[in-house]
Amino acid sequence: MSYLNQAHDPRRRATAIVTVGAVHALLAVGVVTGLTINADRIIPDIIEATNIPLDPPEPEPTEPPPPKPDPINYIPPAPVPPIPLPPVPGPTYEEFDPTKLIIDEVPYFPTPGPTAQPAPPAPITPPKRAVPRNGNW
């Protein structure tokens, strides 16, 4: 059954409006009565309790605590003398001779070859219409 096939009866609309109003009225009554509860009437006035006697506390010790032991002074052993290392040779220097040729040969620089030409523009074709794949046009 489809909702579109139902007849538009004004009595159904009136029934729906009255039902919605009744539900809202019940919710309002529930909220108002829920807010008027007095919690002090629920809690009883008299609280019953029992007294449990405790053992008396232990007396504090009267003798003084034992004295702290003297701190131990630690004397480290004498340091070991350093081990002599063999001498390290220093850097070597060469005398600069301004008459000596540093570059033995001239590097080869290639000559520039032909450069690439841009591609010719594509021919302009008129646009085609969209056609479905199954060919039913």
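Described below are features of the structure shown in this document.

Cut-off values and rules
- Residues numbered from 1 in each chain as written.
- Predicted model: local features only at pLDDT ≥ 70, side-chain atom pairs only at ≥ 80, totals over all residues.
- Heavy atoms only, no water.
- Helix = DSSP H or I, 4+ residues; strand = E, 2+ residues; numbered from the N terminus.
- Buried < 20%, exposed > 50% of the residue type's maximum accessible area, 1.4 Å probe, protein only.
- Areas by Shrake-Rupley, 256 points an atom, 1.4 Å probe, with all protein chains shown as cover.
- Expected span 1.5 Å × (residues − 1).
- Polar contact = N/O pair within 3.5 Å; in protein donor to acceptor, adjacent residues only side chain to side chain.

## Quick notes on the overall build of the chain
Here is step 1 of the chain: For the chain, the count of helices and strands is one helix and zero strands.
Here is step 2 of the chain: Residue burial in the chain is summarised as follows: out of 137 residues, 0% are buried.
Here is step 3 of the chain: Element-wise, carbon and sulfur atoms account for 66% of the exposed surface of the chain, whose accessible area totals about 16,100 Å².

## Observations concerning helix α1 (residues 10–35)
Here is step 1 of the chain: Here α1 is 26 residues long and its end C-alpha atoms lie 38 Å apart, about the 38 Å a rise of 1.5 Å per residue gives.
Here is step 2 of the chain: With zero of 26 residues buried, α1 lies mostly on the surface of the structure.

## As for the environment of aspartate 97
Here is step 1 of the chain: Within the secondary structure, aspartate 97 is located in the segment after α1.
Here is step 2 of the chain: A distance of 2.9 Å separates polar atoms of two side chains, one belonging to aspartate 97 and the other to threonine 99.

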